[in-house]
Amino acid sequence: MPVEFIGLIRTKPASELNSVPGSLADDIIDPGYVREFAQAHEKGDFDKVLIGYSSSSPDGFTVATHAAAFTDRLGFLIAHRPGFVAPTLAARKAATLDHFTNGRIAVHIITGGSDADQQRDGDWLDHDNRYRRTDEYLEIVRRVWTSDTPFDYEGEFYHVKDAFSAIKPLQKPHIPLYFGGASGPAVEVGAKHSSVYALWGEPIAAVKERIAQVRAALPFGRSIRFSVSLRPILGVTEEQAWEKARNILGRIQEQRGGAKVAPPARPQAVGSQRLLDFAAKSEIYDKRLWTPIAAATGAAGNTTALVGTPEQVAEALVDYYDAGVTTLLIRGFDPLQDAIDYGREVIPLVRAEVAKRERQAVAVGR
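Before going into details, it helps to say that this report is about the structure given with it. (Residues numbered from 1 in each chain as written. Predicted model: local features only at pLDDT ≥ 70, side-chain atom pairs only at ≥ 80, totals over all residues. Heavy atoms only, no water.)

## Some points on the overall build of the protein chain
- Helix and strand counts for the protein chain stand at twelve helices and 13 strands.
- Taken over C-alpha atoms, the radius of gyration comes to 20 Å for the protein chain, in line with the 21 Å a tight globule of 366 residues would show.
- Once the C-alpha set of the protein chain is aligned to its principal axes, its extents read approximately 65 × 55 × 40 Å.
- The buried share of the protein chain, reckoned over its 366 residues, is 52%.
- Nonlocal contacts in the protein chain, meaning residues at least 24 apart in sequence, comprise 74% of its contacts between residues at least 6 apart. (Helix = DSSP H or I, 4+ residues; strand = E, 2+ residues; numbered from the N terminus. Rg over C-alpha atoms; globule rule 2.2 N^0.38 Å. Buried < 20%, exposed > 50% of the residue type's maximum accessible area, 1.4 Å probe, protein only. Contact = heavy atoms within 4.5 Å.)

Put into structure tokens, the structure is as follows:
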């Protein structure tokens, strides 16, 4: 299967190097930067870019609309939390944008791993109840996208009567659903509804275990693909890459009050807890998976890095492909320049190696 590359765009130049956790400064909108950032990803042969979600961030559907107007091929993976917009309305919004972008929309379902962030938007459900609500939400969304006749739905969280949308997605059978979450309830819901299950950058052996866990939960007849999120740090030589990585870590620690500052409180999100546990056991896994930045940031988001030359990082990414991952979400700590560098130096190498493997597989199958 071909490999898919996803980047990430924000509405202003920002990363862990220059954003104070919890600050609203990251949410200032620079339309010109969004345009330049999206175009850099398209030129770099990324398939999609993720548009993130938090209780204080700009609206992802609007950001995607703006970026799509300045690109021709690039897809937009819009992070979306169930529970704050009616599922019938969310389905129509996404289907409408799918048409205006000529089928370039996908939705990344983030149920929510932080009670505090959920409560800022008025949501007081606990973790497991949120996933039960997400299950109902996605059931309704998918039926709105695909049903040719009105339907009723009566669940624990949603009740609709004669629900129907005249606007259906341009993509068939429906807009792709990506899904994130590392807990038991997340696996159950994600296996039931998603097209792509997203994993953070864990060691290869752990990723294989997660893939097996999700596949074991799949309903009969369903198939699913897998994504992994990583932060490549490149250097002309391996030594330069490691020097750059250590400088990035030092700047992040300084941004957060110094290397000896107390570590962030343990997060509620199971995926973040897993990354912190890996970081506590070892700084380096496999060939070049580096964990100290995850430890320094409380594993907020995908914060494990691959450190090395473009050739070495490409080789490490292909190792994830060999483990069963077909989508690679990569983003840097210098977001725009790193996206340009990935497109020029890493993505072509990975695509070429994956294509080679596909040709070999075809030859073996003859």
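Picking up where we left off.
## A word on the nonpolar core
- Within the largest apolar cluster, 81 residues are counted, with the highest numbers of intra-cluster contacts made by F5, F76, Y197, L317, Y320, L328 and V350.
- Discounting chain neighbours no more than four positions away, the residues touching Y197 are F179, G181, A186, V187, G190, A191, R210, V214, I224, R225, F226 and S227.
- Core analysis: the next-biggest nonpolar cluster, separate from the first, contains 14 residues, I233, I248, W290 and F333 among them. (Core = buried A, V, L, I, M, F, W, Y, C linked by side-chain atoms within 4.5 Å.)

## Points about the environment of Q273
- Locating Q273 in the fold gives a position in helix α9 (residues 270–281).
- Separated by 91 residues in sequence, Q273 and A182 have C-alpha atoms that sit 9.5 Å apart.

## Description of the pairing of strand β1 (residues 4–8)
- β1 sits mainly inside the fold: five of its five residues count as buried.
- With burial as the criterion, each face of β1 is covered, one bearing E4, I6 and L8 and the other bearing F5 and G7.
- Direction of pairing for β1 relative to strand β13 (residues 327–330): parallel, over a ladder of three bridges. Within the sheet, the bridge partner assigned to I6 lies in β13 and is L329. (Pairing = 2+ DSSP bridges.)

## Re empty space enclosed by the protein
- Across all of its chains, the model carries three cavities of 30 Å³ or more by this definition.
- By volume, the largest cavity amounts to about 70 Å³.
- Lining of the largest cavity is provided by F61, H80, A90, A91, A94, V107, I109, Y137, L138, V141, W145 and L177.
- Element by element, the count of residues in the lining of the largest cavity is highest for helix α5 (residues 127–146), at four residues.
- The residue inventory of the lining of the largest cavity, partitioned by class, reads eleven nonpolar, one polar and no charged.
- As a volume, the second largest cavity reaches approximately 50 Å³.
- If you go around the second largest cavity, the residues you meet are L8, R10, A14, S15, F37, R231, R331, G332 and P335.
- For the lining of the second largest cavity, a count of residues per class yields four nonpolar, two polar and three charged. (1 Å grid on protein atoms, 1.4 Å probe; cavity = no way out; pocket = protein on both sides within 12 Å on 5 of 7 lines; lining within 4 Å. Points joined across faces, edges and corners; volume = space filled by probe spheres on them. Nonpolar A, V, L, I, M, F, W, Y, C, P; charged D, E, K, R; others polar.)

## So, the layout of surface pockets
- By volume, the second largest pocket amounts to about 190 Å³.
- In terms of lining residues, the second largest pocket is bounded by 15 residues, among which Y53, D59, F61, H80 and V85 are the most central.
- Secondary-structure elements contributing two or more residues to the lining of the second largest pocket are α2 (60–68) and β3 (75–80).
- Looking at the lining of the second largest pocket, the element that brings in the most residues is β3, giving three residues.
- Across the lining of the second largest pocket, the residue classes break down as seven nonpolar, four polar and four charged.

## A short note on the pairing of strand β6 (residues 159–163)
- Inspection of the sheet shows strand β5 (residues 151–154) paired to β6 by three bridges, in the antiparallel sense. Its bridge partner lying in β6, F151 is registered against A163.

## Observations concerning unusual backbone geometry
- Residues K172 and P173 are joined by a peptide bond in cis, for which omega reads 0°.
- Tracing the sequence through the fold places P173 in the loop between β6 and β7 (177–180).
- With phi around 70°, D45 is a residue other than glycine that occupies positive phi space.
- Note that D45 resides in the loop between α1 (31–43) and β2 (48–51).
- Although it is not a glycine, D162 sits at a positive phi angle of roughly 55°.

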